[in-house]
Amino acid sequence: VALGLYFPRKEYLENVYIDEPAGMPLLRIHALKDSREEAAHFHLCQNLIISRARSHENNWFQIREKSGLLYLSKSLDREDFNMLSVGNWMPLSKVMLYVFLSSHPFQEKECDSATRTTVFLSLINATAPACSSLTARQLCFTEMDLSFHIKENKPPGTFHQLQLPSVHHLCQNLSISYKLLAAEGFPFRYNENTTGVQVTQRLDREERERYELIAKCTVREGLREMQVEVPFLVNVLDEDDSPPFLPNGTDTADAVVEFNRKEGTVLSMLTVYDADTTPIYPLESSRKKYTGTIITDDPWISETFRVEHIFDEIHFSPNGSQVRGTRHEY
């Protein structure tokens, strides 16, 4: 059975400071469903990967299986930092771990699930900065772009949480609130209680391929108020669900062949559009998807005529938004 659950991001980034307490929440990872019945289970399976050559047993990080909350299971002290950093003269060390996804509870050491996302953690050789020293941008958003991939034709679901778990945990004297600014009719909703962003309906890539929203954050400290806005982008991933179509519904083209035509003369053309796919490289793989064949029992016709296939990327504009597709010419 193909695993239907998937991650709306390929990677996540977060900072970890020395001496943050065990139980400290770091970041929340989300999964989207292929069918409504599925339930997501998250699992950390592998060692920490410190550099391409080295890995180390993970003693510090854990994930809640049902909620996807990544947290510190043990405080990271200076000794740990020196052990995990490539050389202890470095101010930060990057480590990487994989989060796996399954639609059933994970069995012990079951790590062959193809569905995984990468978490990059920057271990910083300093204690966490005071909340008052952070900018509104740092209090509201991580360094990663708010850019997501949602598959078309899949059930609705929550795919991101705007509130940063670590900031919420550490900076309780601050009031931090969010808004999601979107054009009317966009299929996304922000839940103020959970700070989660939800896709509210199944998407159709042939209707719209990309949504551009803005996440707005307001930080209040006493009488002081700061605001920051960042782009929030959703790309819709394609499923091969729309048949190719012919302009004007014409599926035949007449060819008149006169004597003394030179080799290479074009006798007739037929155009086919496909809103569903774009040319993929290598080009041969796109070419193999559609073939042009002359159906005949006459060997002379087969030897004398051939069908040539050229194709290029074009843009359709349903509802005023650009969607990529392919034009095939035979």
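Only a predicted model underlies this, so the values are computations on that prediction, with no experimental measurement involved. (Residues numbered from 1 in each chain as written. Predicted model: local features only at pLDDT ≥ 70, side-chain atom pairs only at ≥ 80, totals over all residues. Heavy atoms only, no water.)

Some words on the overall build of the protein
Point 1. Each helix and strand in the protein was counted, giving five helices and 19 strands.
Point 2. Dimensions of the protein along its principal axes, counting C-alpha atoms only, are 85 × 50 × 40 Å.
Point 3. Within the protein, the fraction of its 330 residues that count as buried is 42%.
Point 4. Long-range pairs, those at least 24 residues apart, make up 70% of the contacts in the protein with a sequence separation of at least 6. (Helix = DSSP H or I, 4+ residues; strand = E, 2+ residues; numbered from the N terminus. Buried < 20%, exposed > 50% of the residue type's maximum accessible area, 1.4 Å probe, protein only. Contact = heavy atoms within 4.5 Å.)

Observations regarding the UniProt feature "domain: Cadherin" (unreviewed entry) in the protein
Point 1. Within this structure's numbering, the places UniProt gives as "domain: Cadherin" (unreviewed entry) are residues 142–246.
Point 2. End-to-end, the C-alpha atoms of residues 142–246 are 47 Å apart, and along that stretch the chain is 6% helix and 50% strand. (UniProt positions renumbered as here; feature names shortened; annotations may be inferred.)

Quick look at the pattern of salt bridges
Point 1. One pass over the full model with this rule turns up 13 salt bridges.
Point 2. Linking glutamate 239 and lysine 154 is a salt bridge whose minimum nitrogen-to-oxygen distance equals 2.9 Å. Here glutamate 239 is found in the loop between β16 (224–237) and β17 (271–274), whereas its partner lysine 154 is found in the loop between β10 (146–151) and β11 (157–161), with 85 residues between them in sequence.
Point 3. Since its relative accessible area comes to 30%, glutamate 239 is described here as partly exposed. (Salt bridge = Lys/Arg side-chain N within 4 Å of Asp/Glu carboxyl O.)

Observations regarding the nonpolar core
Point 1. Ranked by internal contacts, the top residues of the largest apolar core, which has 35 residues, are Phe141, Ile150, Phe159, Leu162, Phe188 and Phe232.
Point 2. Contributing elements (two or more residues each) for this core: α2 (136–140), β10, β12 (175–181), β13 (188–191), β14 (196–199), β15 (210–221) and β16.
Point 3. Apart from the residues within four sequence positions on either side, phenylalanine 188 is in contact with Ile150, Phe159, Leu180, Gln198, Val199, Thr200, Tyr211, Leu213 and Val234.
Point 4. With 31 residues, the next largest nonpolar core counts Leu5, Phe42, Phe61 and Val99 among its residues. (Core = buried A, V, L, I, M, F, W, Y, C linked by side-chain atoms within 4.5 Å.)

Let's talk about the sheet that holds strand β2 (residues 25–28)
Point 1. The strand order β2-β7-β6 describes an open sheet built from three strands, whose pairing is antiparallel. Lying at the two open borders of the sheet, with one neighbouring strand each, are β2 and β6 (61–63). In this sheet, neighbouring strand axes are inclined to one another by 25° on average, regardless of whether the strands run parallel or antiparallel.
Point 2. Note: β6 against strand β7 (residues 69–72), three bridges, orientation antiparallel. (Pairing = 2+ DSSP bridges. Axes fitted to C-alpha atoms, helices over the stretch in contact; angles between N-to-C directions.)

Some details on the layout of surface pockets
Point 1. Space inside the largest pocket adds up to approximately 1200 Å³.
Point 2. Leu267, Ser268, Phe305, Arg306 and Val307 are the residues nearest the centre of the largest pocket, which is lined by 35 residues in total.
Point 3. Here the lining of the largest pocket gets four residues from one element, more than from any other, and that element is helix α5 (residues 299–304).
Point 4. Residues belonging to the lining of the largest pocket are distributed by class as follows: 16 nonpolar, nine polar and ten charged.
Point 5. In this model, the second largest pocket occupies a volume close to 470 Å³.
Point 6. Lining the second largest pocket are 24 residues, and of these Glu14, Asn15, Tyr17, Gln138 and Glu143 lie nearest its centre.
Point 7. When residues of the lining of the second largest pocket are traced back to their parent elements, those giving at least two are β1 (11–17), β9 (116–124), α2 and α3 (165–170).
Point 8. Ranked by the residues each element gives to the lining of the second largest pocket, the list is headed by β1, at four residues.
Point 9. Class assignment of the residues belonging to the lining of the second largest pocket gives a composition of 14 nonpolar, five polar and five charged. (1 Å grid on protein atoms, 1.4 Å probe; cavity = no way out; pocket = protein on both sides within 12 Å on 5 of 7 lines; lining within 4 Å. Points joined across faces, edges and corners; volume = space filled by probe spheres on them. Nonpolar A, V, L, I, M, F, W, Y, C, P; charged D, E, K, R; others polar.)

Section: the domain arrangement of the protein
A common measure of how large an interface is: the accessible area buried when the components associate.
Point 1. Split into domains, the protein comes out as domain 1 (1–128), domain 2 (129–239) and domain 3 (240–329).
Point 2. One C-alpha centre belongs to domain 1, the other to domain 2, and the line joining them spans 21 Å.
Point 3. Here domain 1 and domain 2 share an interface that buries about 2100 Å² over both sides, 60% of which is from carbon and sulfur atoms.
Point 4. Between the two partners, domain 1 and domain 2, sit one salt bridge.
Point 5. Here lysine 154 and aspartate 34 are joined by a salt bridge, their closest N and O atoms 2.6 Å apart.
Point 6. Linking domain 1 with domain 2 are eight residue pairs in polar contact (both at pLDDT 80 or more), by the criterion used here.
Point 7. Those elements that provide at least two residues to the side of domain 1 that touches domain 2 are β1 and β2.
Point 8. Of all the elements, β1 adds the most residues to the side of domain 1 that touches domain 2, at six residues. (Domains from an automatic or database assignment. Buried area = accessible area lost by both parts, 1.4 Å probe. Polar contact = N/O pair within 3.5 Å; in protein donor to acceptor, adjacent residues only side chain to side chain.)

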